[in-house]
Amino acid sequence: MQSKWMAAVAGGLLAASIASADSSIVGRASVIDGDTLEINGERIRLHGVDAPESWQRCADGDGATYRCGREAGEALDRFLSASRPARCTFVERDRYGRMVGVCFRADGANVNNWLVANGYAVDWPRYSDGAYADAQASARERKFGIWRGEFLEPCRARAIRNKQSPSC
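Residues numbered from 1 in each chain as written. Predicted model: local features only at pLDDT ≥ 70, side-chain atom pairs only at ≥ 80, totals over all residues. Heavy atoms only, no water.

Draft legend 1. Expanded view of the state of the cysteines. What the rule picks out here adds up to 3 disulfides. With its sulfur 2.0 Å from that of its partner, C58 forms a disulfide with C68. Because the torsion about its S-S bond is 60°, the bridge between C58 and C68 counts as right-handed. With a gap of 10 residues between them, C58 in strand β6 (residues 58-59) and C68 in helix α2 (residues 68-81) connect regions that are remote in the sequence. Of the two residues, C58 and C68, both sit in the buried class. A disulfide bridge connects C88 with C103, and the sulfur atoms are separated by 2.0 Å. Taking the torsion about the S-S bond as the criterion, the C88 to C103 disulfide, at about 110°, is right-handed. Taken together, the residues C88 in strand β8 (residues 86-93) and C103 in strand β9 (residues 99-104) connect sequence positions 15 residues apart. For C88, a relative accessible area of 0% puts it in the buried group. Along the protein chain, the cysteines that take part in disulfide bonds pair up as 1-2, 3-4, 5-6, counted in sequence order. (Disulfide = S-S within 2.5 Å. Helix = DSSP H or I, 4+ residues; strand = E, 2+ residues; numbered from the N terminus. Buried < 20%, exposed > 50% of the residue type's maximum accessible area, 1.4 Å probe, protein only.)

Written as structure tokens, this is what we have:
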């Protein structure tokens with residue numbers, strides 16, 4: 001009886017270690033939101049970037065508002081569908097147990113960098129150590145995505161909505 005229990009525990013540990021340190025996950029990526037994917041049932045938070053939340057609204061530069069978080073998710077889906085499958089390299093697990101990773105399309109394009117370079121997410125230096133700062137500066141200068149108007153940083157928008165201090 002104990003050996004069956006130990007086998008079940010070992011099997012669970014093995015399943016939990018998939019997409020752990022020094023590993024990658026490859027497959028067809030489904031977009032959960034602008035900075036979260038799912039591959040083979042594994043949720044992956046994109047490392048070092050922060051996209052507007054799906055409910056978040058931004059100003060477009062002409063005085064109108066739009067759902068910038070939804071736009072980020074839709075753009076990410078189009079970008080990923082152009083070159084499948086995606087591959088995500090493990091960085092760590094977040095506090096929710098999600099894999100945090102850097103992801104690439106089949107053609108080698110860095111998904112995290114693309115999001116920032118096209119104004120669909122911001123560099124999150126707290127986690128990225130500024131890895132996407134140049135991409136963000138370029139997007140801002142060219143007024144791409146959220147940089148075409150005014151927006152609240154996603155971490156600040158979440159904090160206000162949740163009545164918490166921002167984590168940016």
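Draft legend 2. Representation of the confidence of the model for the protein chain in the model. Confidence in the prediction of the protein chain, expressed as mean pLDDT, is 90, and 87% of residues score 70 or more. Across the protein chain, helix α3 (residues 111-117) holds the top mean pLDDT of 99, while helix α1 (residues 2-17) sits lowest at 40. (pLDDT = per-residue confidence, 0-100.)

Draft legend 3. Main features of the nonpolar core. Ranked by size, the top nonpolar core spans 29 residues in total, and within it L37, L46 and C88 carry the most contacts. Of all the secondary structure elements, the ones that give two or more residues to this core are β3 (36-39), β4 (42-46), α2, β8, β9 and α3. Excluding its chain neighbours within four sequence positions, the residues that come into contact with C88 are S23, S24, I25, L37, I39, I44, M99, V102 and C103. (Core = buried A, V, L, I, M, F, W, Y, C linked by side-chain atoms within 4.5 Å. Contact = heavy atoms within 4.5 Å.)

Draft legend 4. Representation of the sheet that holds β9 in the model. One open sheet accounts for 6 strands, arranged β1-β8-β9-β4-β3-β2; its pairing is mixed. If you trace the sheet from one side to the other, it starts and ends with β1 (24-27) and β2 (30-33), each paired once. Going from strand to strand, the sheet's axes swing by 40° on average, the running direction of each strand aside. Pairing geometry for β8 and β9, over 6 bridges, is antiparallel. (Pairing = 2+ DSSP bridges. Axes fitted to C-alpha atoms, helices over the stretch in contact; angles between N-to-C directions.)

Draft legend 5. Inspection of the environment of I146 at higher detail. Relative to the helices and strands, I146 is located in the loop between α5 (133-142) and α6 (154-162). Put simply, I146 and D60 are 86 residues apart on the chain and 7.5 Å apart in space, counted from C-alpha to C-alpha. When near neighbours in sequence (up to four residues on either side) are disregarded, I146 contacts P52, C58, Y66, C68, G119, V122 and F151.

Draft legend 6. Representation of the packing of aromatic side chains within the structure. Applying the stated criterion across every chain, the model contains 4 aromatic pairs. On the numbers, 5.5 Å between centres and 25° between planes, the contact of W114 with Y120 is stacked. Residue classification places W114 among the buried residues on the basis of a relative accessible area of 19%. Accessibility expressed as a relative area gives 17% for Y120, which makes it buried. Ring geometry for W124 against Y127: centres 4.9 Å apart, planes inclined by 85°, an arrangement best described as edge-to-face. On the basis of relative accessibility, which here comes to 10%, the residue W124 falls in the buried class. Residue placement shows R148 over the ring face of Y66; its charged tip is 4.1 Å from the ring centre. Over the face of the ring belonging to W55 we find R161, whose NZ or CZ atom lies 4.2 Å from the ring centre. (Phe/Tyr/Trp six-rings, centres within 6.5 Å; stacked < 30°, edge-to-face > 60°. Lys NZ or Arg CZ within 6 Å of the ring centre and 35° of its normal.)

Draft legend 7. Highlighting the pattern of salt bridges. Under the defined criterion, the tally for this structure stands at 11 salt bridges. Among the salt bridges present, the one from R45 reaches D50, with a minimum N-O distance of 3.3 Å. Take R45 and D50: they sit in the same class, and that class is buried. The salt bridge partner of R98 is D94, with a shortest N-O separation of 2.6 Å. (Salt bridge = Lys/Arg side-chain N within 4 Å of Asp/Glu carboxyl O.)

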